[in-house]
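# Secondary and tertiary structure notes
Okay, here's what each chain looks like letter by letter:
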2 protein chains.
Amino acid sequence: MPKNCNFIEKLREVGLRPTKQRIKMCEVLYNREKTFHFTINDLVKLLSEKMNEKISLATVYNTVHAFEKKGYLKEISIDSHKSYFDTNTSAHHHFFDEDTHELIDCDESDIDKINIRKNITGKKINSVEVLVRVASDNQTQK
Amino acid sequence: MPKNCNFIEKLREVGLRPTKQRIKMCEVLYNREKTFHFTINDLVKLLSEKMNEKISLATVYNTVHAFEKKGYLKEISIDSHKSYFDTNTSAHHHFFDEDTHELIDCDESDIDKINIRKNITGKKINSVEVLVRVASDNQTQK
DNA sequence: ATCTACATTATAATAATTCTAAACTGTTGA
DNA sequence: TCAACAGTTTAGAATTATTATAATGTAGAT
Ligand SMILES: [Mn+2]
Ligand SMILES: [Mn+2]
Ligand SMILES: [Zn+2]
Ligand SMILES: [Zn+2]
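The notes below deal with the structure included here. (Residues numbered from 1 in each chain as written. Chains lettered and ligands numbered in written order. Predicted model: local features only at pLDDT ≥ 70, side-chain atom pairs only at ≥ 80, totals over all residues. Heavy atoms only, no water.)

The next point concerns the relation of the copies chain A and chain B. Look at the two chain copies: a rotation about an axis and a shift along it is all it takes to match them. Its rotation angle being 180 degrees, the transformation that places chain A on chain B also includes 0.0 Å of axial translation and leaves an RMSD of 0.1 Å. Such a combination of turn and shift is consistent with a two-fold rotation axis. Both copies contact each other with a shared surface, as 100% of the interface residues of chain A are interface residues in chain B too. (Least-squares fit on C-alpha atoms with pLDDT ≥ 70 in both. Contact = heavy atoms within 4.5 Å.)

In structure tokens, the structure reads:
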């Protein structure tokens, strides 16, 4: 649970000016026990709840992408219709709950290391990620 | 390389009226040696090339989604900013070339079966898919 | 305190997708 | 055979997510 001055330093370190909007975004994104997943809409709601003044949508987009470029955030592709972001920027796999549209992180131990036997000439592997789609296990589907 | 009458039958079997637009879409999508990946834009281009009359964008969207629902097409999530579709509807993994934005199918033999050790209570696994992002292997990146 | 580069903002623009409602067409059965 | 109907296509409008613009504001340096 870092204090704001830590965010100011953190932002400075990567060459971002610690403006009040960015500090507030840091608080909302990183001032929590666990990493989490969000859409831009989620984030805008969280920000408007926790902030007296309002923050413009353009700033949220710009800052999220600035954070992404700096490696503070990772974009996750699950649904072509929505962008999900992740404050857990390490390489990891996901469960996606198709009922609730929630993302859940996998632990290291949940899935064995993936061994890729094919290689594409002239190309290097940037990432290997598994997406496990789950849904409710009702017998209702005949 | 099926002829059109096969497409007419195929469409009938799943309760879709074999209209000339749908038949043309079947030709473009399925009258080829290998399965392939496409975006809506790709498909619209292909259709306008191979068709004398024009087909409306709404029809392309509607028909793609009708095919998807019937299991003739699968939607692939790689990029939150664009929808990719796949005429290979079986469960399989992908390489994604981040330079060319091309999808490449993995063979069964390219990646071992993924073993999931975690299970989410009350949820069943619908799919397990691996996405391997690749990019050019230039030493240009210091 | 002043300056300046960088940020934020409201708003407009763009892009992808979906909706609408009128016109059209494949199929059925009289 | 052909009228009738349900399903389909269509152009264009509407919606949604995202990005661009350009005027205004502000952090940090001097
Ligand atoms: Mn993005
Ligand atoms: Mn879709
Ligand atoms: Zn995650
Ligand atoms: Zn594929």
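Here we take up the sheet that holds strand β2 (residues 74-79) of chain B. Residues and elements named next belong to chain B. If you trace the 3 strands from one edge of the open sheet to the other, you get β1-β3-β2, paired in antiparallel fashion. Only two strands of the sheet have a single partner each, and these edge strands are β1 (37-39) and β2. Neighbour-to-neighbour, the strand axes of this sheet turn through a mean angle of 35 degrees, independent of strand direction. The sheet contact formed by β2 and strand β3 (residues 82-86) spans 4 bridges and is antiparallel. Residue pairing across strands places Lys 74 opposite Asp 86, the latter belonging to β3. (Pairing = 2+ DSSP bridges. Helix = DSSP H or I, 4+ residues; strand = E, 2+ residues; numbered from the N terminus. Axes fitted to C-alpha atoms, helices over the stretch in contact; angles between N-to-C directions.)

Inspection of every chain in the model, using the stated rule, returns 12 salt bridges over all chains. For Lys74(A), the salt bridge goes to Glu129(A), with nearest N and O atoms at 3.0 Å. With a gap of 55 residues between them, Lys74(A) in strand β2 (residues 74-79) and Glu129(A) in strand β6 (residues 123-136) connect regions that are remote in the sequence. Residue class for Lys74(A) comes out buried when judged on its relative accessible area of 15%. A salt bridge links Asp112(A) to Arg117(B); its shortest N-O distance comes to 2.5 Å. Here Arg117(B) lies in the loop between β5 (102-105) and β6 (123-136) and Asp112(A) lies in the loop between β5 (102-105) and β6, a pairing that spans two chains. Under the relative-accessibility criterion, Asp112(A) is labelled partly exposed at 35%. (Salt bridge = Lys/Arg side-chain N within 4 Å of Asp/Glu carboxyl O. Buried < 20%, exposed > 50% of the residue type's maximum accessible area, 1.4 Å probe, protein only.)

What follows deals with the interface of chain A and chain B. Contact with chain A, which involves 42 residues of that partner, is made by 42 residues of chain B. When the two sides are added together, the surface that chain A and chain B hide from each other amounts to roughly 3600 Å², 46% of it contributed by carbon and sulfur. Viewed at the interface, chain B and chain A are joined by 6 salt bridges. Across the pair Lys123(A) and Asp97(B) runs a salt bridge whose closest N-O atoms are separated by 2.9 Å. Linking chain A to chain B there are 26 residue pairs in polar contact (both at pLDDT 80 or more). Elements represented by at least two residues in the side of chain A that touches chain B include exactly β2, β3 (82-86), β4 (94-97), β5 and β6 of chain A. The element that contributes the greatest number of residues to the side of chain A that touches chain B is β6(A), accounting for 14 residues. (Buried area = accessible area lost by both parts, 1.4 Å probe. Polar contact = N/O pair within 3.5 Å; in protein donor to acceptor, adjacent residues only side chain to side chain.)

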